[in-house]
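Analysis of the macromolecular model
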Amino acid sequence: MKSFSILDLEKVIDPDIFDAGLQLVEEGIISGIKEIETNLWVARTSLEIEPELLISRDKVKTYSCDCQLARSGNICEHIAGTAILFRRERNRPTSKTKRTTSKKKAPPKKITTAHILNMVSEQEIKDFVRKYARSNRQFAVSLKTKFAHLFQSEDTGKKYGQVLETIIKTHVGRSAYLKVAKLRRLLKNLDELLDQAENALAQNHYGDVFSLLSNFIEYVVPVVWKSKGDDLLVRLDRAFQLLNQLVQKDISPELQEKMAAKMIEECPKFKYRSGETTAKFFFSLGYLYERMGQLDMLSDFIEEQVKDSTWGHWLMAEWQVFRYRIASTLEKEEVCKEIMAESILDRPLFNRMIKDAELRNDKNTLKYLIETAKEQDSGILNNMALHTEKILLSMAKEEKNKRNLVIHAEKLFLDTLDLQYFELLKQNISKYKWSSFFARLIDKITSNNKYWVQKEAVAELLAREKKIAGLFHYIQQIKSLTLLSKYETVLLNNDRLKYIELFESMAMDHAKHHLGEKNARFLSEKIATLINGKEKSFAQELIRKLQTEYPQRRSLMNELSRIS
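Residues numbered from 1 in each chain as written. Predicted model: local features only at pLDDT ≥ 70, side-chain atom pairs only at ≥ 80, totals over all residues. Heavy atoms only, no water.

Overview of the side chain of Arg 325
One can find Arg 325 in helix α15 (residues 313-329). With residues up to four places along the chain from it excluded, the contact list for Arg 325 reads Phe 282, Phe 283, Asp 356 and Arg 360. (Helix = DSSP H or I, 4+ residues; strand = E, 2+ residues; numbered from the N terminus. Contact = heavy atoms within 4.5 Å.)

Here you go:
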């Protein structure tokens, strides 16, 4: 909450907020301002809020307002309006000099929070909070959550379990789906706990962090599906991120053992078998066991899970990936070969193995999986063909293998017609081979009927390579007035007479074989480009020919008269 100058409101306040504040003043919603204490000014408003400014020597030192925007530490329109009104009142000339020294300050007309807190004793506040918490369950939950970290307990796990159980019961209960208001309150409480975990991590209170996070995951995972959006998943992700940070800290062996035992116990539970919760648990376990030097124990645990048929096809693929990762670290070559051979026949496992190898930058595994799948032609690459070609192209670049680079770049270009791959090809094929390669590339594109954008792609390539004769021939061959108009500049500059002759021929042919308003508008738009360019006389002559040839075509005549 930064201080700001009363003199420079327009510079320091967001223009939209300033304008909104000015409007509140102009409409009389903020209609007065009073100094209720030394330098503390309160605005008189018709709203159920009390904007307050602490002003000293033309500077707003601090401010407060009951609205949501101000609570988040930002300047709201109510603060802006109050500051504007203060500046107006201060600059307003007075006929008489006020004698403030002899007058006592009048009592405030409105009761503010600041007033009340200054007037009542600490005990009275505690009594009020206690009584209010008894009558308002949501307030009680927020109070417990906010100050849970201060509560001294021999069993912090039990403490945070109680807090989270209360939060979930209060906001979720037995609801099938969380309504917006309840979800908002739930998220606020969960964010408060995650903030506490982050602060505890920064202060090296590692036991408290683990107790909080393990309970957080245990209580939040079962209710994630009750939220229609990703709000709860985002909080869960943050919890796992903090857990990963924790396991990489210099924690005691006793806490390491406790964490490992708890995660091994939780990881296989059925309630975590949705989304990627199991995978997230495993990542933390992997970090932890590696730090402990006990990857063999983790390997034994995974072998048990792989034997459990209740995991289902997709989650079993996850476990096989974990198994491969640990086996690779422990140099268990036979296990690695077994899993890779199995993945060639199992699409979910193959997809996960590819993604995991990419994540770990394991080029050997990537190369083996893709090349073996290609050799066996099992169809497992069908839905990942482009992705795997991109991987192979990236590897060819790193290895500076021009032959493989050209093979994969050409395949990707023919599949996508993305010009970045065309430019890559041009950079890596020698000049004396380029002409014949380019010709073959054009043949491959035109011979494949599946490309709905092939016409534009071929024309663009011919234009890029300055194959003007080839571009003229291609456009004439496919009879595309659109492409002729698109490349008007380059074609006119190279052979004006040929362009005009071809344009006239194609325009007359289009008029002959295409009827209706849409086609008449299309033709007139193409002719209009010539009128707006340097071929106005030719365009006007063409219009006269069309008017003479098709006087009975009302839609065409209307469009031509509009542009002539």
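Topic: the packing of aromatic side chains
Applying the stated rule across the entire model yields 14 aromatic pairs. A ring pair is formed by Trp 41 and Phe 86, whose centres lie 5.0 Å apart and whose planes are at 75°; its orientation type is edge-to-face. One end of the pair, Trp 41, is in strand β3 (residues 40-45); the other, Phe 86, is in helix α4 (residues 77-91), and 45 residues separate them in sequence. An aromatic cluster is present here, built from Phe 413, Phe 422, Trp 434, Phe 437 and Phe 438 joined pairwise through their rings. (Phe/Tyr/Trp six-rings, centres within 6.5 Å; stacked < 30°, edge-to-face > 60°.)

Topic: a positive patch on the surface
Taken together, the side chains of Lys 179, Lys 182, Arg 184 and Arg 185 define a basic patch exposed on the protein surface. Among the structural elements, Lys 179 can be located in the loop between α8 (156-171) and α9 (180-202). (Patch = residues over 30% accessible without salt bridge, like charges linked within 9 Å, V, L, I, M, F, W, Y side chains within 5 Å. Areas by Shrake-Rupley, 256 points an atom, 1.4 Å probe, with all protein chains shown as cover. Salt bridge = Lys/Arg side-chain N within 4 Å of Asp/Glu carboxyl O. Lys, Arg positive; Asp, Glu negative; His and termini not counted. Charge placed at Lys NZ, Arg CZ, Asp CG, Glu CD.)

Here we look at the nonpolar core
With 62 residues, the main nonpolar core has Ile 217, Leu 232, Leu 246, Met 259, Met 263, Leu 298 and Ile 302 as its most contacted residues. For this core, the elements supplying multiple residues, two or more each, are α8, α9, α10 (206-220), α11 (231-247), α12 (253-266), α13 (277-292), α14 (295-306) and α15. Broken down by element, this core gets its largest block of residues, 9 residues, from α9. If we skip the residues at most four places from it in the chain, Met 263 touches Phe 210, Leu 243, Val 247, Phe 281, Ser 284, Leu 285 and Leu 288. (Core = buried A, V, L, I, M, F, W, Y, C linked by side-chain atoms within 4.5 Å. Buried < 20%, exposed > 50% of the residue type's maximum accessible area, 1.4 Å probe, protein only.)

Looking at the packing of α15 against helix α16 (residues 333-343)
Relative placement of two packed helices is described by the angle separating their axes and the distance separating the axes. Following both chains from N to C, one finds α15 and α16 inclined at 150°, their axes separated by 9 Å at the closest point. When you trace α15 past α16, the crossing you get is left-handed. Across the interface between the two elements, Gln 320, Arg 323, Tyr 324, Ala 327 and Ser 328 of α15 pack against Val 335, Cys 336, Glu 338, Ile 339, Met 340 and Glu 342 of α16. Across the contact of α15 with α16, the residue classes break down as 6 nonpolar, 2 polar and 3 charged. (Axes fitted to C-alpha atoms, helices over the stretch in contact; angles between N-to-C directions. Left-handed = near helix turned anticlockwise from the far one by under 90°. Nonpolar A, V, L, I, M, F, W, Y, C, P; charged D, E, K, R; others polar.)

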